[in-house]
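Observations on the model geometry
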Amino acid sequence: QVRLVESGGGLVQPGGSLRLSCTASGSIISVNVMDWYRQAPGKQRELVATVPSVGRANYAESVKGRFTISRDNAKNTVDLQMNSLIPEDTAVYYCRLRAWPYRQNYDYWGQGTQVTVSL
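Residues numbered from 1 in each chain as written. Predicted model: local features only at pLDDT ≥ 70, side-chain atom pairs only at ≥ 80, totals over all residues. Heavy atoms only, no water.

Turning our eyes to something else, we now look at the overall build of the protein chain. The secondary structure content of the protein chain amounts to zero helices and 11 strands. N-terminal to C-terminal, the α/β element order of the protein chain is β-β-β-β-β-β-β-β-β-β-β. C-alpha extents for the protein chain along the principal axes are approximately 40 × 25 × 25 Å. Relative to its full complement of 119 residues, the protein chain shows a buried share of 43%. Pairs at least 24 residues apart make up 55% of the contacts formed inside the protein chain by residues separated by at least 6 positions. Approximately 6,500 Å² of the protein chain is accessible, and the part contributed by carbon and sulfur atoms is 50%. The distance from the centre of the 13 positive side-chain charges to the centre of the 9 negative ones in the protein chain is 4 Å. (Helix = DSSP H or I, 4+ residues; strand = E, 2+ residues; numbered from the N terminus. Buried < 20%, exposed > 50% of the residue type's maximum accessible area, 1.4 Å probe, protein only. Contact = heavy atoms within 4.5 Å. Areas by Shrake-Rupley, 256 points an atom, 1.4 Å probe, with all protein chains shown as cover. Lys, Arg positive; Asp, Glu negative; His and termini not counted. Charge placed at Lys NZ, Arg CZ, Asp CG, Glu CD.)

Our next topic: the packing of aromatic side chains. Summed over the entire model, instances satisfying the criterion amount to two aromatic pairs. For the ring pair Tyr37 and Trp109, a centre distance of 4.8 Å and an interplane angle of 55° mean the geometry is tilted. One end of the pair, Tyr37, is in strand S4 (residues 32-39); the other, Trp109, is in strand S10 (residues 107-109), with 72 residues separating them in the sequence. Note on Tyr37: relative accessible area 13%, which makes it buried. By relative accessible area, Trp109 is classed as partly exposed at 33%. An angle of 90° between the planes, with centres 5.0 Å apart, marks the rings of Tyr106 and Tyr108 as edge-to-face. Judged by relative accessible area, which is 5%, Tyr106 ranks as buried. Taking the relative accessible area as the measure of exposure, Tyr108 reaches 15% and is therefore buried. Note that Arg45 overlies the ring of Tyr94, its terminal NZ or CZ placed 3.8 Å from the centroid. For Arg45, the ring lying beneath its charged end belongs to Trp109, and the centroid distance is 4.7 Å. (Phe/Tyr/Trp six-rings, centres within 6.5 Å; stacked < 30°, edge-to-face > 60°. Lys NZ or Arg CZ within 6 Å of the ring centre and 35° of its normal.)

Once that is clear, we can look at the nonpolar core. Core analysis: the largest hydrophobic core is formed by 30 residues, its most contacted members being Trp36, Leu80, Met82 and Tyr93. Breaking this core down by element, the ones donating at least two residues are strand S1 (2-7), strand S3 (18-26), S4, strand S5 (46-52), strand S7 (67-72), strand S8 (77-82), strand S9 (91-99) and strand S11 (113-117). Looking at which element gives the most residues to this core, the answer is S9, with five residues. Look past the residues within four positions of Leu80 in its chain and what remains in contact with it is Leu18, Arg19, Leu20, Trp36, Val48, Ala49, Phe67, Thr68, Ile69 and Tyr93. (Core = buried A, V, L, I, M, F, W, Y, C linked by side-chain atoms within 4.5 Å.)

By secondary structure assignment, the location of Trp36 is in strand S4. The class for Trp36 is buried, based on a relative accessible area of 0%.

And the structure:
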């Protein structure tokens, strides 16, 4: 079993920055992918950024150049540095850990952390 705990959400003004962190604990396999998703009110959950245990990160077009995902494999953590925030970034942000290649019985989500971008 795996537990994911996110932190770092909050209220920030447009143009500001926030850093989200996610720590995984439990039975962590070495070859995996860690993602950040978000879900705004009334919208579907969407992938924001993804980073494999070995390899390059990828980003949604809407956050490229503003967000940076990074991970520490030794500590089983993944961070999301969010700069130049805009109101459209307001959402609950979720951390996900999944096996690579994907398998249904190794796919875990955190509880989510609220990010609100507003004056």
